[in-house]
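# Breakdown of the fold
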Amino acid sequence: MQITDHIHALKIPFKLELTPGKTLDRSVYAFLIYGEKICLIDAGVSGSHEMIFNYVRETGRNPAEISNLVITHAHPDHIGGAPAVVKETGCPVAIHADDVPWIQDIDLQYKERPIVNLYSLIPGPTKVDRQLKDGDTVDLGDGKSLNVIHTPGHSKGSISLLYPEDNALISGDAVPIPGAVPIYDDPLVSIQSTRKLMDIKGLDVLLTSWDAPCHGDALYKLMEDATGYFQHIHEVVLKAKADYPSADLDALSTHILEGLGLPENAKVGIVMRTFQGHLNRSEYQDLLKA
Ligand SMILES: [Zn+2]
């Protein structure tokens with residue numbers, strides 16, 4: 001669907017395997033910026049290139065016009081479609097330097113952040129043509145560009161992308177949706193990243209990979225609520241740790257999910273990793289004042 005004058009959003013469904021044979025229906029957004037050329041932001045999972053290319057054709061453009069693939073971070077639902085996009089279009093791939101190891105070496109990603117069906121979500125590695133850093137710009141042709149903002153916390157190399165032409169901010173997974181299952185590495189760094197985005201004035205639309213586009217003042221409220229959500233989770237984690245000091249991460253995670261009112265089937269590696277991230281910051285009671 002078209003969101004702004006130049007940006008189109010595509011909701012891509014996929015299945016996350018929780019335990020062998022047991023899957024959860026999830027979705028992720030990818031974005032297309034239409035100009036003189038086409039910039040694709042994130043590529044979904046393995047096989048998503050077909051959905052992306054079909055959308056491009058349906059809207060009267062040609063997939064061969066995709067001249068940039070910019071990736072917000074190297075998680076499977078953002079990079080899985082990349083090898084096929086690159087094969088078909090030959091476009092260069094850009095990602096933050098800190099997430100390069102996980103896109104170029106899938107075995108390393110699996111070792112460091114195991115997901116049961118990782119290898120079916122990502123068909124293979126993607127060669128990176130440009131390593132991005134905070135403050136970089138990506139030239140989209142036609143005098144237009146994307147500004148790169150390093151927003152770590154969800155992953156080390158997570159970036160957000162500002163498209164000033166349409167006052168649009170694409171935040172990848174950097175800003176969580178309050179109430180949703182939390183997935184990030186470091187809550188304190190995530191808060192700092194979210195605040196960095198809140199400081200950008202005059203935004204008309206926030207495009208997260210998690211949820212539908214958020215417009216106007218509601219987008220600043222969403223980011224404010226997201227910082228509160230990090231702290232809420234922190235308090236629940238610290239309480240569980242205080243109540244069950246000898247519990248291991250697995251047992252603790254059951255109590256934390258209960259405290260958050262989230263389903264027990266959310267107790268998977270990437271969510272337990274989030275809770276560990278909070279435990280790593282247990283020297284702070286209030287992350288918002290840290
Ligand atoms: Zn992610």
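Residues numbered from 1 in each chain as written. Predicted model: local features only at pLDDT ≥ 70, side-chain atom pairs only at ≥ 80, totals over all residues. Heavy atoms only, no water.

Tallying secondary structure elements over the protein chain gives ten helices and twelve strands in all. For 290 residues, the compact-globule estimate of 2.2 N^0.38 gives 19 Å, and the C-alpha radius of gyration of the protein chain, at 19 Å, lies within 12% of that figure. Based on the C-alpha atoms only, the size of the protein chain along its principal axes is roughly 60 × 45 × 30 Å. Going through the 290 residues of the protein chain one by one, you find that 54% of them count as buried. Of the contacts made within the protein chain by residues no fewer than 6 positions apart, 64% connect residues no fewer than 24 positions apart. (Helix = DSSP H or I, 4+ residues; strand = E, 2+ residues; numbered from the N terminus. Rg over C-alpha atoms; globule rule 2.2 N^0.38 Å. Buried < 20%, exposed > 50% of the residue type's maximum accessible area, 1.4 Å probe, protein only. Contact = heavy atoms within 4.5 Å.)

This brings us to the packing of aromatic side chains. One pass over the full model with this rule turns up three aromatic pairs. For the ring pair Y184 and F230, a centre distance of 4.9 Å and an interplane angle of 70 degrees mean the geometry is edge-to-face. Of this pair, Y184 sits in the loop between β10 (168–172) and α7 (187–198) while F230 sits in helix α8 (residues 217–243), and the two are 46 residues apart along the sequence. Of the two residues, Y184 and F230, both sit in the buried class. (Phe/Tyr/Trp six-rings, centres within 6.5 Å; stacked < 30°, edge-to-face > 60°.)

So, on to the nonpolar core. Judged by nonpolar contacts, the single largest core of 58 residues is most densely connected at L32, L40, L69, I71, I256 and F275. Sorting elements by how many residues they give to this core places α8 first, with six residues. When sequence neighbours within four positions are dropped, the list of residues in contact with L40 reads F31, L32, I52, I66, N68, L69, V70 and V85. Counting residues in each nonpolar core, the second largest holds 22 residues, with F31, C39, L132 and A168 among its members. (Core = buried A, V, L, I, M, F, W, Y, C linked by side-chain atoms within 4.5 Å.)

This paragraph deals with the side chain of K144. Inspection of the secondary structure puts K144 in strand β8 (residues 144–150). Those residues in contact with K144 that lie beyond four places of it in its chain are H6, V138, D139, Y163 and E165.

With that settled, the discussion passes to the environment of Q109. Note on placement: Q109 falls in helix α5 (residues 106–112). It is 8.8 Å that separates the C-alpha atoms of Q109 and A74, two residues lying 35 residues apart in sequence. Apart from residues no more than four positions distant in its own chain, Q109 is found in contact with A74, H75, P76, I79, W102, P114, L118 and I122.

Take the sheet that holds strand β2 (residues 22–34) next. Read across the open sheet, the six strands follow the order β1-β2-β3-β4-β5-β6; overall the sheet is mixed. In this open sheet, the two edge strands, each paired with only one partner strand, are β1 (7–19) and β6 (130–132). Across the sheet, the mean angle from the axis of one strand to that of its neighbour is 25 degrees, orientation sign disregarded. With twelve bridges joining them, β1 and β2 adopt antiparallel strand pairing. Bridging from a neighbouring strand, F14 pairs with R26 of β2. (Pairing = 2+ DSSP bridges. Axes fitted to C-alpha atoms, helices over the stretch in contact; angles between N-to-C directions.)

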